[in-house]
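Results of the structural survey
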Amino acid sequence: MIIVSEEEDDSDSNPLFFLRQPVYDSVLNINHDYRYLRMGYYVSAHAETFGVEVTPNCTEIMDAYRNPLLMEKAKRNGIRTNEYRLITSVKSEFNAPVLLFAVNPFTNNSMKVVDSDSKLPEMIKRMSMGARFPVSLHPLTGEVHEIVQMFGESTNEETLAFTKRFYEVFNIPICKLVVQIDDGGVVLNHCEPAIKKEVKWDIVHDKMHEIKQGH
Amino acid sequence: MKIACFVEAYNFEIKSEEKALLKFKSTAETMGHSFEFIYKDDISRISDYDTLFIRATTDPSSCAYIISRLAEQYGLKVIDDPHSIRTCSNKVILHDIFQKNNIPSPGSVLFYGDYSHEIIGGIFKSLGCPVIIKTPYTRFSSHVEKASNIAEFIEISRHLLRKAKVLVVQEYVRSDFDWRVGILRNEVIYLCKYYIPKGGWKVKSKINGKNVWGETIAVSRDTISPELKDLSINLSKHIGTGLYGLDVKETNDGFKVIEINDNPSIYDGFEDVIDNDIYEKIISELVS
Ligand SMILES: Nc1ncnc2c1ncn2[C@@H]1O[C@H](COP(=O)(O)OP(=O)(O)OP(=O)(O)O)[C@@H](O)[C@H]1O
C-alpha cells in the first residue's frame, strides 16, 4: 500500500509527486480536503485511472461531500439523520429553527442557522441563488457541534461511537462533521473539508502506522 | 416503463433542443413507455421511476450528479451514470486516461503553476507553439485558450490558475472541423462534422467580440472510417457503456482525440439528420 499525504512525515509520496507517476499498488490518500477539483480528489481519481484500490475512492468522496447523498447513505446505513428536505423556495410546512446547507458548486462551509420563520424566505432565496440551486433544510432539534473525524476518532469525546460508525460507512479518513446532539444521541447533518490546523495530526500519524503495520 | 428525463429550464430555450426533447418523449410513448420531464425540485422522488435520462448539463458539482447517483443507488438504469459524469467532466482525469491507455491525442502535459525556466521551456519544447491551455472543467469551449508565446502562456495560465489547481496544456492541432462520434453502449449511433467558424479555431469561437458557432453537418454512421470507429469504441470502453460524444481531429498523422463527453448535445435538425433512429436507440437502451 502506498500512503499519499500532504503531511510529508511517514507518507510514501506527496500528492504532486504521486500524480506524475503510474500506480501499481493500493493507495491510502490522506488529506484534510477531498473536495471535487482539489488535490485530495485528484489523488483518488489518479489511483482509480490505474485500476487500483484507493481509500477513499471518488464515489465515496462525492457521497460524503454532497449533502443529499450524505443524508441518503447515512439513512441506508442506520446513521441517525433528521428529516432533511431539498428545496428551492419556502413551503409552509417548514418551521424555524432550521439548519440550511447550500447545494451549489460555489459555496463551502455553508451552514446557516435560521431561528425565525420570517427570516427563512430571504435566506433560502440567497442560498439557492434565486432558486437556481437546491438548499438542504434540516430541522434544528439539538445542540449543534462541529467535530473533526480522523479515521473514526473524534475531536469530541462525546461523539466517539458516532465517528467510528461514520468512518466504517463513509470511509473518509479526515473530515469535519456538523452534528446535533440531543437526548437520543448524535444526529448527522453535514460533512465538509476539515481545516488543516483543526486536524489532530498525531492521531492521523498513529492511525497511519497502524494501517501500515497491518499490511 | 416510467422514464424520468432530468432537465432544467434552459434546455427548452433553443427551439431545436426543445424539439429533440419532445421527440424523445413521443418516441418513448410510441414504444409504450411513459416519459416525464423532471426538475431539481423533483430530485427526492426519483425512486418513483424505473429509469433516468439526464439532459441538463452534467458536472460533479451540479444537481444532475446528485440525481444520477441517487437513481443509481435506487437501482434505476441511468444515462448519464455518475462514473461517466465524474470522468468525462474533468479534462485532467481524461488526460490521465488518455496517457494510461495510449489513446492517440494531442501531446499534453499537466501544469500546476511552476513558472521555472526549465518547466516553461520544457512545455514549449515538447508541445511546440502555439499551445492550448484548458481548465479541468471547461464546457462549451469556455476556459480553452491558445497561447502563441511564453508571455501569453504566463498571462493566460496565471489567470486560469486563480480558480483551477491544475491546467492541461496541449499541442495545438489545427483542423477545419471536429469529428463528433456519438456512441451508445460502445457502438457508433451517429456521426457529424462540427465545423470551426471562419476566423476562429474552436467550434464555438469569439470573432469580432461575438460568439459564433460553426456549422454541424451530419454524416451517415455507416461511412465512418474503420480507424475512427475502432478508436472511438475503444476509448468509450475505458469510460463505460453510456451515451458519449467524442471530439476527434483528423490529421496527416492520423486521428487525435480531443475529448469524450458524457451528455452529448442532440438537437433536432443537427445530429439526427441522417441517422434519425437515435431516439429509438437511446430509449431502447434506457428501458433495457
Ligand atoms: N489541442 C487542441 N488543438 C486544437 N484545437 C483544440 C485543442 N483542444 C481543443 N481544441 C478545440 O477547442 C474547442 C473546445 O475544446 P474541448 O472540446 O477540449 O473543450 P470543451 O469546452 O469541453 O468543448 P465542448 O464542450 O464544446 O465540447 C473545440 O472546438 C476543440 O476542437
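Computed from a prediction, not measured in an experiment: that's the story for all the values here.

The next thing to look at is the pattern of salt bridges. The full count for this structure, using the stated rule, is 32 salt bridges over all chains. For Lys164 of chain A, the salt bridge identified is with Glu168 of chain A, shortest N-O distance 3.7 Å. Of this pair, Lys164 of chain A and Glu168 of chain A both sit in helix 6 (residues 160–170), four residues apart, roughly one helical turn. Taking the relative accessible area as the measure of exposure, Lys164 of chain A reaches 51% and is therefore exposed. In this structure, Arg45 of chain B engages Glu36 of chain B in a salt bridge whose closest nitrogen and oxygen atoms are separated by 3.7 Å. A residue is classified by how much of its surface remains accessible, and Arg45 of chain B, at 31% relative accessible area, is partly exposed. Where salt bridges share partners, they join Asp63 and Lys73 of chain A together with Arg69 and Glu72 of chain B into one cluster.

In this section: the sheet that holds strand 6 (residues 131–139) of chain B. Residue and element names in this part refer to chain B. With respect to topology, four strands assemble into an open sheet ordered 5-8-6-7, the strand pairing being antiparallel. Each edge of the open sheet is held by one strand with a lone partner, namely strand 5 (108–111) and strand 7 (142–147). Strand-to-strand twist of the sheet, defined as the mean angle between neighbouring strand axes without regard to direction, takes the value 25°.

Next up on the list: helix 7 (residues 226–239) of chain B. Taking 1.5 Å of rise per residue, 14 residues should cover 20 Å, and helix 7 of chain B covers 20 Å from first to last C-alpha, within 8% of that figure. Among the residues of helix 7 of chain B, Leu228, Leu231, Ser232, Ile233, Leu235, Ser236 and Ile239 of chain B are the ones counted as buried.

With that settled, consider the pairing of strand 7 of chain B. All names here are of chain B. Sheet topology places strand 6 next to strand 7; five bridges connect them, and they run antiparallel. Considered in strand 7, the bridge of Val131 is made with Ala147. Connecting strand 6 to the antiparallel partner strand 7 that follows it, the hairpin turn spans two residues, and Phe140 within it adopts a positive phi of roughly 50°.

Rules of the game
- Residues numbered from 1 in each chain as written.
- Chains lettered and ligands numbered in written order.
- Predicted model: local features only at pLDDT ≥ 70, side-chain atom pairs only at ≥ 80, totals over all residues.
- Heavy atoms only, no water.
- Salt bridge = Lys/Arg side-chain N within 4 Å of Asp/Glu carboxyl O.
- Helix = DSSP H or I, 4+ residues; strand = E, 2+ residues; numbered from the N terminus.
- Buried < 20%, exposed > 50% of the residue type's maximum accessible area, 1.4 Å probe, protein only.
- Pairing = 2+ DSSP bridges.
- Axes fitted to C-alpha atoms, helices over the stretch in contact; angles between N-to-C directions.
- Expected span 1.5 Å × (residues − 1).

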